[in-house]
Each structure stands twice: as C-alpha cells, then as structure tokens.
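Report on the structure
Each chain, written out:
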Amino acid sequence: MAYNLLKGKRGIISGALDENSIAWHVAEKAHAEGATFTLTNAPIAMRMGKINDLAKACNAEIIPADATSVEELENLFSKSTEILGGKIDFVLHSIGMSPNIRKGKSYGELNYDWYQKSIDISALSFHKMMHVAEKQDALNEWASIVGLSYIAAQRTYPFYTDMADAKAVLESIARGYGYRLGKAKNVRVNTISQSPTKTTAGSGIDGFQSFYDFADKQSPLGNAPAGACADYCISLFSDLTRMVTMQNLYHDGGYSSTGISEEVIEMFNK
Ligand SMILES: NC(=O)c1ccc[n+]([C@@H]2O[C@H](COP(=O)([O-])OP(=O)(O)OC[C@H]3O[C@@H](n4cnc5c(N)ncnc54)[C@H](O)[C@@H]3O)[C@@H](O)[C@H]2O)c1
C-alpha cells in the first residue's frame, strides 16, 4: 500500500544490482510513493545486473558511477539534478564490497590493498557522495541521506572481517556529515543497521546461511526482510522523520536487544 509519502521528491538510489538487492526494493517503493529519481551503480554492475529492467519499471534514468571516484560522483549529482529538474531530496547509499571476503581471507590474513578497497568502496564512498553533494549545493533543505550498515560495526563477527571496520567508518561518517549538513541545510544523515539479508553482497560471506538462521531465531520478530528495510528507508526519506539525524537505526526484528532467545536455548538443549 502506498501513501504518497515521497510525492514531488527527487532522489538518487545506488546499489540496485538485481531484484534481491535492498536498493531494488527501495526503488520500487520510492516509485510507488510518488518520487522521481535516478539509479546508479558501478559500470561493471551495468553488465552483470538487471538494472535496466528496474529503470524501465520506475521510469528512471541510469547514471553509471564508480562510487570511489569523486569525478564520477560529480557527474552523478550534476546529471541527476539536471534530469530531475531540481535539487535532490533523498540519497540512498546501498554499496558494499570486500575483496578480502570474496577471496576468503581471515581477519589476521587481510591483504592491505584489498582492505583499502573495502573501506573505499563501502565507507569512504559515503563521505565522497556527501562531499560532492555539498560542493555542488545539490541538496534541498531537509533532504535525507541513508546508508546501510550491519551490527558487525559494534560487535565482532569473525567472518565479516574488514567489512566490520568499513561499517564502523560508515556509521561515523553519518555522524560527521549529519552534523555538518544539519547545520548547513537541515539535511539529515542516518544509517540503517539491517538484518542479514539474502542478496549478492550478503550471501558472499562465509557461513552466511548459518548466521542468517541464528539471527532469525535470536530475533523476536525474525530477520527483517529487504522489503521491510525498504519501507524503513522510505519513512526516513519522508517528512515524517524530519528530526531524526546522526543515528544508527537497528532494523533487525529486535536482534540487537536480545541476549538470548528461547529458540536458541532450545537448540543447545537438543
Ligand atoms: N545483505 C545483507 O545481509 C546486509 C546486511 C546489512 C547491511 N547490508 C548492506 O546493504 C547494502 C546493499 O547490499 P545488498 O545486501 O543489497 O547487496 P547487493 O550486492 O545487491 O548490493 C551491493 C551493491 O554495491 C554495488 N557496488 C559495489 N562496488 C561498487 C562501486 N565501486 N561503486 C558503486 N557501486 C558499487 C554493487 O554493484 C551492488 O549493487 C550494502 O552496504 C551492504 O553491506 C547488507
């Protein structure tokens, strides 16, 4: 059900690779809520993914941009304001990738060149997006910027290796720019800390199915699906959450506040 929550708003949505992507769900819901937006992803994802289908369904233009390149982000923001006919009201950063996770490196064996790539792609790109948006004065007053995070920023999950560090940086950037853009233009910046979700990025993590099942049993509401995460993003883009900023917001069915659930105890009793 749609509520016209984003009627008249203009946005930029990154990270939609296929229909499992969290960003894919956000784009579908933003479209249903009356927003107009551009879609962006790394040039390589254009070839691998199905973003053209999404663009057609949402009547959106695609602007390829490697989110680690300030130059490409400058093009993304200037083209977006041109195509959409005005300044931007919401931005979704839904970007994450760790070459170390892909190659199965443990935390003690990280390749440092890849480590820097993980941080650049998954965290600094968030900073670069806001840097470009500010320099171009591309954001409207009360715009809303959301990045996607994971609880490994606060607690150790051994298999999450350098992505844990990247998420901690991402959340810190949300506070840093949340303060700065809040003062400058009443812009809010938040991260959503999402449950394990079956997407390309999520499933690449070693032992994903086991910790997906564990989190599901540990959370009183069960794991939050991608569609529900998209609903939460829409609420943060809307005018109903104008005073929420610089927060890391758990969207995890209660996982982060649960010590141990009866279901998990039951598993040890067997
Ligand atoms: N899936 C999970 O379990 C989970 C849980 C919590 C948070 N998250 C976060 O949600 C976000 C979206 O991931 P997802 O789960 O939807 O997976 P996904 O694989 O569908 O999305 C990740 C996206 O990042 C894009 N990307 C990678 N490198 C890029 C670059 N250099 N420039 C621009 N884009 C680039 C990919 O093309 C892809 O579209 C990520 O930040 C991820 O860490 C995922």
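In this text the structure is predicted, and so the values were computed from the model without any measurement. (Residues numbered from 1 in each chain as written. Predicted model: local features only at pLDDT ≥ 70, side-chain atom pairs only at ≥ 80, totals over all residues.)

**Brief notes about the pairing of strand β4 (residues 88-93)**
Test applied: Here a residue counts as buried when 20 or more other C-beta atoms fall within 10 Å of its C-beta, as exposed when 12 or fewer do, and as partly exposed in between; the C-beta atoms come from the backbone. The helix and strand labels rest on DSSP assignments: H or I over at least four residues marks a helix, E over at least two residues marks a strand, and numbering proceeds from the N terminus. When DSSP finds two or more bridges between two strands, those strands count as paired.
Burial analysis of β4 places six of its six residues in the buried class, which makes it a mostly covered element. Sheet analysis places strand β1 (residues 10-14) next to β4, joined by three bridges and oriented parallel. Bridging from a neighbouring strand, I13 pairs with L92 of β4. Across five bridges, the pairing between β4 and strand β5 (residues 139-149) is parallel. By the bridge assignment, I88 is partnered in β5 with L139.

**Side note on the site of the ligand**
Applicable threshold: By convention here, the C-beta atom is placed from the backbone, and a residue is near a molecule or strand when that atom is within 6 Å of it. Amino acid classes used here: Ala, Val, Leu, Ile, Met, Phe, Trp, Tyr, Cys and Pro are nonpolar; Asp, Glu, Lys and Arg are charged; the rest, including Gly, are polar.
As a structural note, the neighbourhood of the ligand is formed by 27 residues, with S21, G96, T199, A201 and G202 the closest of them. Contributions of two or more residues to the shell around the ligand are made by α1 (22-32), β5 and α8 (200-203). The biggest single contributor to the shell around the ligand is α8, with three residues. Considered class by class, the residues forming the shell around the ligand number 13 nonpolar, 13 polar and one charged.

**Describing the pairing of strand β2 (residues 36-40)**
Quick note on the threshold: Viewed with both strands pointing away, a crossover whose connecting path from the first strand over the helix to the second turns clockwise is right-handed.
Burial of β2 is extensive: five of the five residues sit out of reach of the surface. Residues of β2 alternate between two faces, with T36, T38 and T40 on one and F37 and L39 on the opposite face, all of them buried. Relative to β2, β1 runs parallel, the two being bridged by five bridges. For S14, the partnering residue across the bridge sits in β2 and is T40. After leaving β1, the chain enters α1 and then returns to the sheet as β2, a path that is right-handed. Note: β2 against strand β3 (residues 61-62), two bridges, orientation parallel.

**Concerning the nonpolar core**
Considering soluble globular proteins, one finds that nonpolar side chains tend to be buried as a cluster. To be explicit about the condition: Only buried Ala, Val, Leu, Ile, Met, Phe, Trp, Tyr and Cys residues enter a nonpolar core, and they are joined through C-beta atoms within 7 Å. A residue pair is marked as a contact if its C-beta atoms, positioned from the backbone, fall within 7 Å.
Counting residues in each nonpolar core, the largest one holds 69 residues, and the members touching the most others are I13, A16, V26, A27, A133 and C233. The element that contributes the greatest number of residues to this core is helix α7 (residues 161-185), accounting for eight residues. When residues no more than four places from it in sequence are discounted, the contact partners of V26 are I13, L92, A230 and C233.

**With respect to the environment of S172**
By the element assignment, S172 lies in helix α7. It is 8.7 Å that separates the C-alpha atoms of S172 and M246, two residues lying 74 residues apart in sequence.

**A short note on the packing of helix α4 (residues 70-84) against helix α6 (residues 112-135)**
Condition: Every axis in this analysis is a line fitted to C-alpha atoms, fitted for helices over the stretch in contact. Angles between the N-to-C directions lie between 0 and 180 degrees. Here the angle decides the label: under 35 degrees means roughly parallel, over 145 means roughly antiparallel, 65 to 115 means roughly perpendicular, and every other value means oblique. Working rule for handedness: look at the near helix, and if it is turned counterclockwise from the far one by less than a right angle, call the crossing left-handed; if clockwise, right-handed.
Where α4 meets α6, the axes come as close as 9 Å, and the angle between the chain directions of the two elements is 50 degrees. In terms of orientation, α4 and α6 fall into the oblique class. Like other packed secondary-structure pairs, α4 and α6 cross with a definite hand, here right-handed. Contacts from V70, L73, E74 and F77 of α4 reach α6 at K128, M129, V132 and A133. Residues of the contact of α4 with α6, tallied by class, amount to six nonpolar, no polar and two charged.

**Let's talk about the environment of F77**
Mapped onto the secondary structure, F77 falls in helix α4. On the basis of neighbour count, F77 is assigned to the buried category, with 26 C-beta atoms found within 10 Å. Remark: the alpha-carbon pair of F77 and I88, spanning eleven residues in sequence, is separated by 8.5 Å. Discounting residues that sit within four places of it in the chain, F77 has contacts with V132, A133, Q136 and A138.

**Focus: the sheet that holds β3**
Strand pairing within a sheet occurs via backbone hydrogen bonds; the two strands may be parallel or antiparallel. Strands sit in the order β3-β2-β1-β4-β5-β6-β7 across an open sheet of seven strands; the sheet is parallel. The sheet is open, and its two edges are formed by β3 and β7 (248-251), each paired on a single side. Most of the contacts of helix α10 (residues 226-237) go to strand β6 (residues 188-194), to which it runs at about 165 degrees, and overall it touches β1, β4, β5, β6 and β7.

**Observations concerning α7**
What sets the pattern is the α-helix's 3.6 residues per turn: residues three or four places apart point alike. Threshold: The span you would expect from a helix comes to 1.5 Å times its residue count less one.
Between the first and last C-alpha of α7 there are 36 Å, a value that for 25 residues agrees with the 36 Å anticipated at 1.5 Å per step. Following α7 by one or two positions, N186 adopts a phi angle in the positive range, close to 60 degrees.

As far as function goes, none of this settles anything; it's purely spatial.
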